[in-house]
Amino acid sequence: MPTTSTSPAKAHRRRSRRRPPPPRQPWCCSFGLDPLNSTGRSPVPAPPRTKPAAPLSRRIRSPGRVSPIDDLYKDATSACPSARLSSVSEYPLPPLPPPPPPPAVERPKGTLRLRLVAKGLILEVDEAERVRRESRVVDKVLREGGGSCGEVAVEGKVEVWAVREVVEMMLEEDGELNAMRRLARGGVERAISLLEVSFALMFDRGVNDCLKYLEAVPWNEPEEEKIKSLLSRHSSNEAASQDLLSRLQPQNSTSSSELVFELIQSITKGTNNNARKELRTLVDSILSRTPIYVKCDKELDKTSIYRTCHSCLNCMVELFKEASDLSPADQTTISVGKGPLEGIYKQVEDLNWLLQILIDRQMGEEFVDLWANQKTLATMHKRVSPMVRYELSRISATVFIAMGSGKLHCNGEKKLSFFQAWFGPMLVDFGWLRRCPKGLNMTTLEEGIGQSLLTLALMQQQALFLDWFEAFGRQGRECPNLMKAFQIWWRRSFVRPLVSS
């Protein structure tokens with residue numbers, strides 16, 4: 001009995017014998033309906049298929065050719081008579097009216113031409129008469145021309161926007177109020193540019209408004225230089241810019257040297273060490289702005305500086321007398337911030353600072369003589385505690401470094417007097433300076449001592465080197481290392497001496 005089931009192979013053969021469905025016919029998207037819609041309406045009859053549909057690659061329109069889509073569209077419309085655009089021929093559209101002509105521009109009777117010389121541009125201003133009432137330059141040009149038209153040359157490197165804004169300031173009704181608002185919005189940089197144009201056009205109201213605004217606001221250094229340059233080129237308006245010039249020109253006759261001396265005295269009388277250090281840095285920055293070749297007594301009064309040095313030395317003598325009157329036990333327990341040591345430290349800081357100012361201006365030679373003659377301090381150096389007396393050697397260290405580097409030019413007599421007074425204390429205090437350098441470079445100090453010692457006569461060097469040799473044998477590294485300078489002295493004295501002819 002045959003089975004009713006169909007094998008998969010036979011089913012596949014039956015499906016393969018079925019005719020494929022006809023391709024979907026194109027439809028007019030503008031005039032017909034989709035044949036596959038679900039609205040139930042009868043579809044528009046499709047036109048007979050005259051030729052196969054073109055592949056997608058041929059439907060891309062290329063320049064100068066007709067797309068096959070146009071042919072399909074023509075076939076679809078020919079098969080649908082009701083969809084033809086017959087109304088186009090029966091009801092023609094009326095022609096478009098021509099566009100109206102542009103309105104005629106009324107030319108002003110008077111036109112002012114502003115020629116920017118540096119830019120090579122010309123700006124035209126219609127309100128020549130109103131500008132004429134504000135600008136003396138424009139009024140002069142128009143009067144010389146005998147009419148309401150003319151050309152004004154604006155010299156200088158002025159900007160186009162600045163000229164336009166100045167003209168707008170001339171045409172404003174409430175001039176001063178609007179001008180101040182305009183200047184406040186623009187800032188100092190724009191106000192300087194507007195002031196330059198106002199000067200060039202002799203626009204007095206604009207000049208006064210710009211000067212009033214600049215006088216009321218702060219400037220930075222580049223803006224200050226621009227204002228100085230602008231006012232120096234237009235010195236004829238000095239009366240209008242008097243308030244502004246008061247911020248640039250000193251009104252009294254006080255010299256800078258007098259003010260510097262007052263600042264120095266104020267620092268030496270101060271009691272806050274941190275604040276005094278910051279103020280010393282400030283004064284140094286002020287003095288360093290002047291080039292070395294113009295640093296003279298006009299900037300800094302040498303006599304006043306040395307008078308302050310004498311005052312500091314007198315205070316130090318009194319403080320050392322107070323420290324020497326203490327018992328040895330009290331001297332060993334003395335510390336910074338208590339007793340005379342605080343005052344000694346303050347006076348040493350001030351003296352070193354003043355000495356450095358004098359050295360930088362080649363005025364420190366007299367201080368070497370002044371310090372060498374401090375016999376009282378040199379005598380009390382032996383009676384006070386090492387932690388007190390080594391402060392004196394900090395001043396000597398500054399002199400040794402400056403002398404060894406060639407910044408102090410003293411004669412042999414002054415140098416020998418200084419060595420006789422303070423070379424011995426330096427050998428004793430060098431260990432304390434190494435433990436408490438307070439910013440002192442010990443290597444630089446050793447080189448300075450050796451180089452300055454080599455500037456003396458050979459017989460004088462011999463006595464001092466022998467003192468150092470003995471002290472170094474007792475103290476070791478608690479004494480400065482002058483071996484290199486000692487070798488140079490030995491070579492000059494005994495190995496390769498200068499033989500007279």
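Refer to the structure printed above.
The sections below set out a description of the structure shown in this document. (Residues numbered from 1 in each chain as written. Predicted model: local features only at pLDDT ≥ 70, side-chain atom pairs only at ≥ 80, totals over all residues. Heavy atoms only, no water.)

### A look at the overall build of the protein
Link 1 in the chain: When helices and strands are counted, the protein shows 23 helices and 3 strands.
Link 2 in the chain: When the 501 residues of the protein are sorted by exposure, 37% land in the buried category.
Link 3 in the chain: At a minimum sequence separation of 6, the contacts of the protein that also span at least 24 residues come to 69%.
Link 4 in the chain: For the protein, the exposed area adds up to about 31,300 Å²; of that, 54% sits on carbon and sulfur atoms. (Helix = DSSP H or I, 4+ residues; strand = E, 2+ residues; numbered from the N terminus. Buried < 20%, exposed > 50% of the residue type's maximum accessible area, 1.4 Å probe, protein only. Contact = heavy atoms within 4.5 Å. Areas by Shrake-Rupley, 256 points an atom, 1.4 Å probe, with all protein chains shown as cover.)

### A short note on the nonpolar core
Link 1 in the chain: In this structure, F367, L377, F418, F423 and L445 are the most contacted members of the largest nonpolar core, which totals 74 residues.
Link 2 in the chain: Not counting residues within four places of it along the chain, the set of residues in contact with L377 comprises L313, M316, V317, F320, W371, L392 and W422.
Link 3 in the chain: Grouped together as the second largest cluster of nonpolar side chains are 43 residues, V138, F203, V207 and L230 included. (Core = buried A, V, L, I, M, F, W, Y, C linked by side-chain atoms within 4.5 Å.)

### A look at helix α16 (residues 340-360)
Link 1 in the chain: The end-to-end C-alpha distance of α16, which contains 21 residues, comes to 30 Å, matching closely the 30 Å that a straight helix rising 1.5 Å per residue would cover.
Link 2 in the chain: Counting buried residues in α16 gives 17 out of 21 residues, a clear majority hidden from the surface.
Link 3 in the chain: Among the residues trailing α16, Q362 stands out with phi positive, at a value near 50°. (Expected span 1.5 Å × (residues − 1).)

### A closer look at a nonpolar patch on the surface
Link 1 in the chain: The grouping of L263, L279, L282 and I286 at the surface amounts to a nonpolar patch, some 350 Å² of accessible area in total.
Link 2 in the chain: Along the polypeptide, L263 turns up in helix α12 (residues 256-268).
Link 3 in the chain: Residue L263 is classed as partly exposed on the basis of its relative accessible area, which comes to 41%. (Patch = residues over 30% accessible without salt bridge, like charges linked within 9 Å, V, L, I, M, F, W, Y side chains within 5 Å. Salt bridge = Lys/Arg side-chain N within 4 Å of Asp/Glu carboxyl O.)

### Concerning the packing of aromatic side chains
Link 1 in the chain: One pass over the structure, following the stated rule, counts 17 aromatic pairs.
Link 2 in the chain: Aromatic pair W468 and F486: ring centres 6.0 Å apart, planes at 40°, arrangement tilted. One end of the pair, W468, is in helix α22 (residues 458-475); the other, F486, is in helix α23 (residues 483-495), with 18 residues separating them in the sequence.
Link 3 in the chain: Among the residues examined, W468 registers a relative accessible area of 3% and is labelled buried.
Link 4 in the chain: Take F486: its relative accessible area is 17%, and that puts it in the buried class.
Link 5 in the chain: Both rings, one in F486 and one in W490, keep their centres 6.4 Å apart while their planes meet at 25°; by these two values the pair is stacked. Taken together, the positions of F486 and W490, both in helix α23 and 4 residues apart, correspond to about one turn of that helix.
Link 6 in the chain: Classification of W490 by relative accessible area gives partly exposed; the value is 42%.
Link 7 in the chain: One aromatic cluster is present, formed by F465, W468, F469, F472, F486, W489, W490 and F494 through successive ring pairs.
Link 8 in the chain: The ring of W161 carries R190 above its face, with NZ or CZ at 4.0 Å from the centroid. (Phe/Tyr/Trp six-rings, centres within 6.5 Å; stacked < 30°, edge-to-face > 60°. Lys NZ or Arg CZ within 6 Å of the ring centre and 35° of its normal.)

### Looking at the pairing of strand β3 (residues 150-154)
Link 1 in the chain: Burial along β3 is one-sided: the residues G150, V152 and V154 are buried and none of E151 and A153 is.
Link 2 in the chain: In this sheet, β3 lies alongside strand β1 (residues 112-116) in parallel orientation, the contact comprising 5 bridges. Following the sheet pairing, R113 is matched in β3 by E151. (Pairing = 2+ DSSP bridges.)

### What about the layout of surface pockets?
Link 1 in the chain: One number sums up the size of the second largest pocket: a volume of about 450 Å³.
Link 2 in the chain: Considering the residues around the second largest pocket, the lining is formed by 17 residues, among which N352, Q356, T398, G439 and L440 are closest to the centre.
Link 3 in the chain: Elements that contribute at least two residues to the lining of the second largest pocket include exactly α16 and α19 (386-404).
Link 4 in the chain: Considered class by class, the residues forming the lining of the second largest pocket number 7 nonpolar, 6 polar and 4 charged. (1 Å grid on protein atoms, 1.4 Å probe; cavity = no way out; pocket = protein on both sides within 12 Å on 5 of 7 lines; lining within 4 Å. Points joined across faces, edges and corners; volume = space filled by probe spheres on them. Nonpolar A, V, L, I, M, F, W, Y, C, P; charged D, E, K, R; others polar.)

### Remarks on the packing of helix α17 (residues 365-372) against helix α20 (residues 412-435)
Link 1 in the chain: It is at 8 Å that the axes of α17 and α20 come closest, and there the two elements cross at 40°. Classified by the angle between their axes, α17 and α20 sit oblique to one another. Relative to α20, α17 is oriented so that their crossing is left-handed. From α17, E365, V368, D369, W371 and A372 reach across to α20, where they touch K414, S417, F418, A421 and W422.
Link 2 in the chain: Of the residues in the contact of α17 with α20, the class split is 6 nonpolar, 1 polar and 3 charged. (Axes fitted to C-alpha atoms, helices over the stretch in contact; angles between N-to-C directions. Parallel < 35°, antiparallel > 145°, perpendicular 65-115°, else oblique. Left-handed = near helix turned anticlockwise from the far one by under 90°.)

### Side note on the pairing of strand β2 (residues 121-125)
Link 1 in the chain: As paired strands, β1 and β2 are joined by 5 bridges and run antiparallel to one another. Paired with L116 across the two strands is L121, which belongs to β2.
Link 2 in the chain: Hairpin connection from β1 to β2: 4 residues lie between these consecutive antiparallel strands, with G120 at a positive phi of about 70°.

### Structural notes on the pattern of salt bridges
Link 1 in the chain: One pass over the structure, following the stated rule, counts 29 salt bridges.
Link 2 in the chain: One salt bridge connects E470 with R474, and the closest N-O pair in it is separated by 3.4 Å. Here E470 and its partner R474 are both found in helix α22, 4 residues apart, which amounts to about one turn of the helix.
Link 3 in the chain: By relative accessible area, R474 is classed as exposed at 58%.
Link 4 in the chain: It is possible to trace a salt-bridge network through shared partners that takes in R276, R280, K346, E349, D350, E391, R394 and K438.

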